[in-house]
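Summary of the model geometry
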Amino acid sequence: MGKIIEIKDLRVSYHTYAGEVQSVRGISFDINKGKTIAIVGESGCGKSVTAKTLMGLIQTPPGEIKEGSQVLMDGKDILKQSEKEWEKYRGATCSMIFQDALSSLNPTMNIGNQIMENITNHYTVSKTEAKKEALRMLELVGIPDPVACLKKYPHELSGGMRQRVMIAIALAGKPQVLIADEPTTALDVTIQAQIIDLMKDIQKKLGTTIILITHDLGVVANIADGVVVMYSGKIMEKGSAEEIFYEHKHPYTWSLLNAAPNLELGYKQKLLSIEGTPPDLINPPKGCPFAARCKYCMNICVDEVPEEYEFETGHKVSCWLYHPESGYNNIDFGSDSEEAGYEG
Ligand code: SF4
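Since we're looking at a predicted model, the values are computed, not measured. (Residues numbered from 1 in each chain as written. Predicted model: local features only at pLDDT ≥ 70, side-chain atom pairs only at ≥ 80, totals over all residues. Heavy atoms only, no water.)

Turning our attention to the overall build of the chain. Along its length, the chain carries twelve helices and 13 strands. A compact globule built from 344 residues should have a C-alpha radius of gyration of about 20 Å, and the chain, at 21 Å, falls within 12% of that. Expressed as a percentage of its 344 residues, the buried residues of the chain come to 49%. In the chain, once contacts between residues fewer than 6 apart in sequence are set aside, the share between residues at least 24 apart is 65%. In the structure as shown, the chain presents an accessible area of about 17400 Å², 50% of it carried by carbon and sulfur atoms. (Helix = DSSP H or I, 4+ residues; strand = E, 2+ residues; numbered from the N terminus. Rg over C-alpha atoms; globule rule 2.2 N^0.38 Å. Buried < 20%, exposed > 50% of the residue type's maximum accessible area, 1.4 Å probe, protein only. Contact = heavy atoms within 4.5 Å. Areas by Shrake-Rupley, 256 points an atom, 1.4 Å probe, with all protein chains shown as cover.)

We now examine the confidence of the model for the chain. Model confidence for the chain is summarised by a mean pLDDT of 87, while 95% of its residues fall at 70 or above. Predicted confidence for residues 336-344 stays below pLDDT 50, and this span has 16 contacts to residues more than four positions away or in other chains. (pLDDT = per-residue confidence, 0-100.)

Inspection of the secondary structure assignment puts Tyr17 in the loop between strand S1 (3-16) and strand S2 (19-32). Separated by 164 residues in the primary sequence, Tyr17 and Asp181 have C-alpha atoms spaced 28 Å apart.

Taking burial as the measure, the eight residues of helix H1 (residues 47-54) include six buried ones, the bulk of the element. Here H1 has its buried residues at Lys47, Val49, Thr50, Ala51, Thr53 and Leu54. Just beyond H1, the residue with positive phi is Gly56, at close to 70°.

Interaxial distance between helix H5 (residues 127-140) and helix H7 (residues 159-172) falls to 9 Å at its minimum, and their mutual angle equals 130°. One finds that H5 runs oblique with respect to H7. At the point where H5 passes H7, the crossing takes the right-handed sense. On H7, the residues touching Met137, Leu138 and Leu140 of H5 are Val165, Ala168, Leu171 and Ala172. Of the residues belonging to the contact of H5 with H7, the class tally is seven nonpolar, no polar and no charged. (Axes fitted to C-alpha atoms, helices over the stretch in contact; angles between N-to-C directions. Parallel < 35°, antiparallel > 145°, perpendicular 65-115°, else oblique. Left-handed = near helix turned anticlockwise from the far one by under 90°. Nonpolar A, V, L, I, M, F, W, Y, C, P; charged D, E, K, R; others polar.)

Spelled out as structure tokens, the structure:
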């Protein structure tokens, strides 16, 4: 499968009274057609800003997409689109589902009209055809009584049903790419599993490319083909889901996975956190952004942004530990190595 999205050196800032917040600081990655990529990281790492950029939702000002940034969709730089082209693109090429369905749905319009609106905005069809298609979408997302649902208003549905309706609206324009920004965060665990299964099913049936923005590693393990780990507006590590979960190479990825509770251990486990806080993005550190919280930090980490090292499988990591002269080989994060504080 070929690439559908190529993000090249994307940099996005917000101008505030306190100064320029450099939310996304030169990220690059590709997404293959029909695959699911998860972008993970702590709040404020730039994952949602990246998603908003893909949807053309960065408001300027205060936002600014920096010169030289490129987002190629099927080879075309969408950052150069006119507002008219963006209108066509949103919903038909790329759609987005948000975390809180209740505040994203229109409370004054019934569900049928909200789905039909996204169909008639992009395709010339009669009202009857649009209604038939809306019904088909509700069936596709597993709404039990789709005919009755067409006439309902958002407040008459449960949280899980509202999220299904959001997915139906997003799919109604037949997008090639679906961006799901924390799609299960507001739902309880059973419904979360149903929504994840639904997204997997839709991908199988329609071949949609999915970009999942989340901090929930359980969701990622369930659905993602590839994972991009972000921190302080930069990419720390990217690879297949297997590589990130079982062969992670970056201290931040390890810390993130280590901080996730293990349900099998129940109450017996000690809950771990990553000590310290992410850096101020108005004055980001000149070296590695994770340096202040990293137990492997070396002198070079404080002074220089790490290079990106690529392994044979395409797994990439931005960390000085992988420089041939770092002195580290086969880092075993799990052993809580006492090499911390190594002065390189
Ligand atoms: Fe830690 Fe240095 Fe790697 Fe950053 S570059 S994660 S500070 S070892």
